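Residue-level listing of the chains:
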Amino acid sequence: MRSPFLVSLIATVLLLTVLAIAYALREDPYGIYGATGDPGEVSRVDLFWHTRLYKPYRLRAEDAEHLFIGSSRTGRLVPGDTWPGQQTSYNGALPGITLYEMLRVLQHAQANAPLQSVVLGLEYYMFRNDKEQDMPGFADARLERPAPTAMQRLRHVAQLFVDRWATLYSRSAIKDSVLAARGDRGSQRTFYEDGSWDTDAGEFAGRFVYHLLTNQKYREFRFLSKQRDYALLEDILGFAEEHGIEVTLLISPSHTHILSAVELAGELQAYRDWQREVVELATRSGVPVYGLETNREMMLEPITPDPELFHDGVHYSRKVGRAISRCLPRAARGAGCEDPLVMTRLTPDSLRGYQATFTTLVENYATTNPADHAMLLRSLERAMASDVPVGSSEFR
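Everything numeric here is computed off the predicted structure, so don't read it as measured data.

**Quick notes on the overall build of the protein**
- Assigned secondary structure in the protein consists of 15 helices and 8 strands.
- Expressed as a percentage of its 396 residues, the buried residues of the protein come to 52%.
- By sequence separation, contacts in the protein at least 24 residues apart represent 79% of the contacts at least 6 residues apart.
- With an accessible surface of roughly 17800 Å², the protein has 55% of that area assigned to carbon and sulfur atoms.

**Points about helix α5 (residues 150–168)**
- Taking 1.5 Å per residue, 19 residues should reach 27 Å; α5 reaches 27 Å between its end C-alpha atoms and fits that length.
- Listed as buried for α5 are H156, Q159, D163, T167 and L168. The arc enclosing the buried residues of α5, seen along the axis, measures out at 140°, which places them on a common side. Across α5 from its buried face, at more than 90 degrees, point the exposed residues A150, L154, R155, F161 and W165.

**Some remarks on the pairing of strand β1 (residues 66–69)**
- Burial along β1 is two-sided: H66 and F68 and L67 and I69, pointing in opposite directions, are all buried.
- As judged from the 3 bridges shared by β1 and strand β2 (residues 89–91), these two strands associate in the parallel manner. Along β2, the bridge assignment pairs F68 with N91.
- Here 4 bridges tie β1 to strand β3 (residues 117–122), and the two strands are oriented parallel to one another.

**Let's talk about the sheet that holds strand β8 (residues 344–345)**
- The 6 strands are arranged β2-β1-β3-β6-β7-β8 in an open sheet whose pairing can be described as mixed. Every other strand in the sheet has two partners, leaving β2 and β8 as the edge strands with one partner each.
- As defined by bridge partners, strand β7 (residues 289–291) adjoins β8 across 2 bridges and the pair is classed as antiparallel. Looking across to β8, one finds that G291 is bridged to T344.
- Across the sheet, helix α10 (residues 268–285) is in contact with β3, β6 (246–251) and β7; its angle to β6 comes to roughly 170°.

**Overview of the confidence of the model for the protein**
- Chain-level statistics for the protein give a pLDDT mean of 86 and a share of 83% at 70 or above.
- Note on residues 35–39: pLDDT is under 50 here. Beyond four places in sequence and across chains, it has 12 contacts.
- Note on residues 390–396: pLDDT is under 50 here. Beyond four places in sequence and across chains, it has 23 contacts.

**Points about the packing of aromatic side chains**
- All chains considered together, the criterion is met by 13 aromatic pairs.
- Both rings, one in Y124 and one in W274, keep their centres 5.9 Å apart while their planes meet at 75°; by these two values the pair is edge-to-face. Here W274 lies in helix α10 and Y124 lies in the loop between β3 and α5, a separation of 150 residues in the sequence. We note that Y124, like W274, is buried.
- An aromatic cluster is defined as three or more aromatic residues linked by ring pairs; in this entry it consists of Y124, F127, F221, Y230, Y271, W274, Y354 and F358.
- Its guanidinium or amino end placed over the ring of Y57, R60 lies 5.2 Å from that ring's centre, counting from NZ or CZ.
- The aromatic ring of Y192 is capped on one face by R318, whose charged end is 4.1 Å from the ring centroid.

**Structural notes on the side chain of Q275**
- You can see Q275 is positioned in helix α10.
- Here Q355 takes part through its side chain, which lies 3.0 Å from a polar atom of the side chain of Q275.
- Once you skip the residues sitting within four places of it in the chain, Q275 turns out to touch I251, E293, L351, Y354, Q355 and F358.

**Overview of the state of the cysteines**
- Under the definition given, this model contains 1 disulfide.
- In this model C327 forms its disulfide with C337; the gap between the sulfur atoms is 1.5 Å. Of this pair, C327 sits in helix α12 (residues 318–332) while C337 is found in the loop between α12 and β8, placing the two residues 10 residues apart along the sequence.
- On the basis of relative accessibility, which here comes to 2%, the residue C327 falls in the buried class.

**Some thoughts on the nonpolar core**
- With 96 residues, the main nonpolar core has L122, L249, Y271 and M343 as its most contacted residues.
- Ranked by residue count, the leading element in this core is α10, at 8 residues.
- Apart from residues lying up to four places away in sequence, Y271 is in contact with Y124, F221, I251, S252, L259, V262, E293 and F358.

Quick notes on the rules
Residues numbered from 1 in each chain as written. Predicted model: local features only at pLDDT ≥ 70, side-chain atom pairs only at ≥ 80, totals over all residues. Heavy atoms only, no water. Helix = DSSP H or I, 4+ residues; strand = E, 2+ residues; numbered from the N terminus. Buried < 20%, exposed > 50% of the residue type's maximum accessible area, 1.4 Å probe, protein only. Contact = heavy atoms within 4.5 Å. Areas by Shrake-Rupley, 256 points an atom, 1.4 Å probe, with all protein chains shown as cover. Expected span 1.5 Å × (residues − 1). Arc of directions from axis to C-beta. Pairing = 2+ DSSP bridges. Axes fitted to C-alpha atoms, helices over the stretch in contact; angles between N-to-C directions. pLDDT = per-residue confidence, 0-100. Phe/Tyr/Trp six-rings, centres within 6.5 Å; stacked < 30°, edge-to-face > 60°. Lys NZ or Arg CZ within 6 Å of the ring centre and 35° of its normal. Polar contact = N/O pair within 3.5 Å; in protein donor to acceptor, adjacent residues only side chain to side chain. Disulfide = S-S within 2.5 Å. Core = buried A, V, L, I, M, F, W, Y, C linked by side-chain atoms within 4.5 Å.

Rendered as structure tokens:
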């Protein structure tokens, strides 16, 4: 005979479990089950650290035919501006994405619905041969594969059960559900239903974040591997060709302030070599690749507490992201962009003039932006004097 206390305890636990799951479902803190915060936003909490959790589910729901994939810089691009009138476009960017993750996002999207086109945002760090295969929060089994094996299907189903627990009943899910109910995002980022996001850096804008990024990029180019690996990009392009997906490559632009830090690290030539190698690979594959680093207004924007075009020299603003998004289809037709944006189709011939232009911007930075260049030298003074690597994280 069961004890009344035991029956009561079990009933209480079951009731609390149901209430906790119902509460998490209603608040949907990670934007997985369909609830949204303010109009156009996918969640009311900061999803930056949960992007690798919620985007695979959003991709499954969207059945996107047109896709952006890249790092958080690509995350500023607006699918509806590139593919107007298309209800099946999505921005699948992930902060600090690796090439392997890029391949898996592409495979996952294709497994859900046949893709027509994809724009890939490329960055130097992705190609370092010492780069990790994936970043924290990524679960390979969460993403589907075209024609999976029986074991891969089993692992995928098991991951879905794990994710249900993590998003509905875990301590962090309950905590974030409370934050969602309070409208506490936890940062200045806003995530939108189309997969894009933006940052209102607020008090962290301007000189402070420029200082962080110049130090990170200096150390990345000065101390990390100089060897580059293109095998995964070849796999991505091969997969796209096999499935009839039209590919466009976009070299994500950096402010001249950041490229000057790369120059001070003695690796601006390595950056130029990387661009040349990407262009050569794209040319062999018949894939267009575009660059934006000849835009003087954008590249030489003065560093102020409230910058309009770049938040930190690496991440451009949503205003720039929308301008790039609108320009991509125009560039594909050979038309110009909205003034003053210039998007250059990079070929082995055009690359020489393109690189000469942004190299001149870097070499003349001390003259064109003297106060900002002086700030750059002060920011890097300790790093250049010690010449000792200091741990840095992917600030994306």
